[in-house]
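Report on the structure
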Amino acid sequence: MESCCSSTMLSLGLKLKPPPSLMTINYNGNSYCRKRKKRSYCVLQVSAVSYQNFIHFALNETKRHTLLLPSPLQERYNSMIALDGKTRLEMLSFEAPRIRLLRSLSIEGEAMQVLDFAAFPKPEFDLPIFCGNFFTAANTNIVVLDLNPLHDVISRRDYKEKYYDNLMRLGLKYTELLTWGGKLTSESIKFFSPIVIWTKFASSKTKHEVLYSAFVEYYKAWIELMEQAVEETDPSQIMCNLEAQHRYLTWRAEKDPGHGLLKRLIGEKHAKDILRDFLFNGISELGSKTFLDYFPEYQSEDGSINEKRSIIGKSFENRPWDIKGEFVGNDLRN
């Protein structure tokens with residue numbers, strides 16, 4: 001990728017800066033700011049939020065339980081400055097005996113703070129995929145935190161029972177504090193678990209502290225599952241895991257809502273490169289099927305991929321799982 005080798009690159013390597021204090025946020029007590037002051041007030045809020053301590057916690061916690069080594073991707077994808085000359089993108093990537101890829105993308109600018117953090121298991125393990133997506137701009141926060149199921153928890157009861165039944169209490173604790181964020185398409189819901197946190201909220205010190213606490217507990221739960229996981233030896237099951245992860249990566253790389261943001265920051269070419277080869281690395285290595293092989297309903301008349309987020313047209317305004325983790329959203333196709 002040209003941008004990661006150009007003069008815009010920052011040579012930061014793997015050494016992280018000391019973590020900031022937990023989500024320190026400055027507030028203006030007067031909520032009725034004059035219009036001319038509104039911009040500076042919003043900038044203060046956004047710049048005061050940092051997701052670096054999320055990354056520091058996850059890396060330190062992982063190192064406590066396994067041997068974490070830099071991924072070969074780190075040399076190519078590390079840091080860059082956006083087209084505005086101000087916003088900074090930082091990328092970190094690692095691997096471990098049971099982790100194919102652990103990676104993070106953080107975006108820090110005056111107008112936004114973003115973290116995309118994920119951990120993908122090796123195909124010998126049918127572990128869920130840890131997923132943390134956080135977006136903060138002005139007074140708006142959009143959050144997805146989940147242990148994304150590798151296999152469908154709606155049709156595969158055995159998989160749901162194996163990984164999620166014992167986590168429902170944890171999920172209920174935080175889904176009550178961080179309430180459902182509104183409509184999610186039926187296509188997207190298939191990639192989420194019964195404990196998913198999908199929420200939107202206005203910035204507040206309390207909410208951000210709850211979010212950090214949720215991230216910590218969800219990640220600890222994932223690490224515990226990783227330690228307990230039994231390595232698969234059946235070639236057919238390994239292939240099943242491989243295809244399931246490839247299907248997930250293919251969907252995310254094509255339909256991830258962060259594509260538009262990356263395109264604005266670094267241009268279409270570099271945005272696609274980061275999506276396919278860094279954020280959702282494995283599309284070229286884990287399988288040969290295309291997006292339309294997995295999701296033929298998205299094929300347009302001219303053979304291209306329909307850009308719509310949903311073809312079915314159904315969405316879930318409310319949480320489609322009950323307190324036991326049973327799906328209550330009825331038929332996903334209707």
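Residues numbered from 1 in each chain as written. Predicted model: local features only at pLDDT ≥ 70, side-chain atom pairs only at ≥ 80, totals over all residues. Heavy atoms only, no water.

**Overview of the overall build of the protein**
- Summing up its helical and strand segments, the protein has eleven helices and ten strands in all.
- Within the span of the protein, comprising 334 residues, buried residues form 53% of the whole.
- Look at the contacts in the protein between residues 6 or more apart in sequence, and 66% of them connect residues 24 or more apart.
- Per element, the accessible surface of the protein, about 16300 Å² overall, is 51% carbon and sulfur. (Helix = DSSP H or I, 4+ residues; strand = E, 2+ residues; numbered from the N terminus. Buried < 20%, exposed > 50% of the residue type's maximum accessible area, 1.4 Å probe, protein only. Contact = heavy atoms within 4.5 Å. Areas by Shrake-Rupley, 256 points an atom, 1.4 Å probe, with all protein chains shown as cover.)

**Observations concerning the packing of aromatic side chains**
- By the definition in use, this model includes 30 aromatic pairs.
- Taking 5.2 Å as the distance between ring centres and 80 degrees as the angle between the ring planes, the aromatic pair formed by Tyr-51 and Phe-54 counts as edge-to-face. You'll find Tyr-51 and Phe-54 in the same group, each marked buried.
- Between the aromatic rings of Phe-215 and Tyr-219, the centroid separation amounts to 6.2 Å while the plane-to-plane angle is 5 degrees, which identifies the pairing as stacked. Linking Phe-215 with Tyr-219, this pair stays in helix α7 (residues 205-228), spanning four residues, or about one helical turn.
- Put simply, the rings of Tyr-51, Phe-54, Phe-57, Phe-117, Phe-130, Phe-134, Tyr-212, Phe-215, Tyr-219 and Trp-222 touch in pairs and so form one group of aromatic residues.
- The residue whose ring lies beneath Arg-103 is Phe-280, and the NZ or CZ to ring-centre distance is 5.5 Å. (Phe/Tyr/Trp six-rings, centres within 6.5 Å; stacked < 30°, edge-to-face > 60°. Lys NZ or Arg CZ within 6 Å of the ring centre and 35° of its normal.)

**Comments concerning the pairing of strand β5 (residues 113-121)**
- Among the nine residues in β5, nine count as buried, and that is most of the element.
- Burial along β5 is two-sided: the residues Gln-113, Leu-115, Phe-117, Ala-119 and Pro-121 and Val-114, Asp-116, Ala-118 and Phe-120 are all buried.
- Sheet topology places strand β4 (residues 99-108) next to β5; nine bridges connect them, and they run antiparallel. By the bridge assignment, Leu-102 is partnered in β5 with Ala-119.
- Connecting β4 to the antiparallel partner β5 that follows it, the hairpin turn spans four residues.
- Sheet topology note: the β5/strand β6 (residues 129-137) ladder contains seven bridges and is antiparallel. Of the residues in β6, the one forming a bridge with Asp-116 is Asn-133. (Pairing = 2+ DSSP bridges.)

**Side note on the nonpolar core**
- Counting residues in hydrophobic clusters, the biggest one holds 98 residues, and the most contacted among them are Phe-130 and Leu-262.
- Looking at which element gives the most residues to this core, the answer is α7, with 13 residues.
- In this view, Phe-130 contacts Phe-117, Ala-118, Ala-119, Leu-145, Asp-146, Leu-147, Phe-215, Tyr-218, Tyr-219 and Trp-222; residues no more than four positions away in its chain are not counted. (Core = buried A, V, L, I, M, F, W, Y, C linked by side-chain atoms within 4.5 Å.)

**Let's talk about helix α2 (residues 52-65)**
- A rise of 1.5 Å per residue sets the reference length of α2, with its 14 residues, at 20 Å; its end C-alpha atoms lie 21 Å apart and thus fit the reference within 8%.
- The buried count for α2 comes to ten of 14 residues, which makes it a mostly enclosed element.
- Along α2, the residues classified as buried are Gln-52, Asn-53, Phe-54, Ile-55, His-56, Phe-57, Ala-58, Leu-59, Glu-61 and Thr-62. (Expected span 1.5 Å × (residues − 1).)

**Examining the confidence of the model for the protein**
- Here the protein averages 87 in pLDDT, while 84% of its residues score no lower than 70.
- In this model residues 1-44 is a low-confidence stretch, pLDDT under 50, and it forms 73 contacts with partners more than four residues away in sequence or in other chains. (pLDDT = per-residue confidence, 0-100.)

**Observations concerning the packing of α2 against α7**
- Interhelical geometry of α2 versus α7 gives an angle of 25 degrees and a closest axis separation of 10 Å. Classified by the angle their axes make, α2 and α7 are roughly parallel. Here α2 and α7 pass one another in a crossing that is right-handed. Note on element contacts: α7 touches α2 through Leu-211, Tyr-212, Phe-215, Val-216, Tyr-219, Lys-220, Ile-223 and Glu-227, opposite Asn-53, Phe-54, Phe-57, Ala-58, Glu-61, Thr-62 and His-65. (Axes fitted to C-alpha atoms, helices over the stretch in contact; angles between N-to-C directions. Parallel < 35°, antiparallel > 145°, perpendicular 65-115°, else oblique. Left-handed = near helix turned anticlockwise from the far one by under 90°.)

**What about the side chain of Arg-252?**
- Tracing the sequence through the fold places Arg-252 in helix α8 (residues 235-255).
- In this structure Arg-252 comes out as buried when scored by relative accessible area, which is 11%.
- Setting aside its immediate chain neighbours within four residues, Arg-252 contacts Asp-116, Cys-131, Asn-133, Asn-148 and Phe-280.

**Observations concerning unusual backbone geometry**
- Phi is positive for Ala-138, which is not a glycine, with a value near 50 degrees.
- Within the fold, Ala-138 resides in the loop between β6 and β7 (140-148).
- We classify Ala-138 as partly exposed; its relative accessible area is 31%.

**Points about the pattern of salt bridges**
- With the rule as written, the count across this model stands at 16 salt bridges.
- Between Lys-160 and Asp-165 there is a salt bridge, with its nearest N and O atoms 2.8 Å apart.
- Residue Asp-165 is classed as partly exposed on the basis of its relative accessible area of 33%.
- Among the ionic contacts, a cluster of salt bridges with common partners joins Arg-157, Lys-160, Asp-165 and Glu-326. (Salt bridge = Lys/Arg side-chain N within 4 Å of Asp/Glu carboxyl O.)

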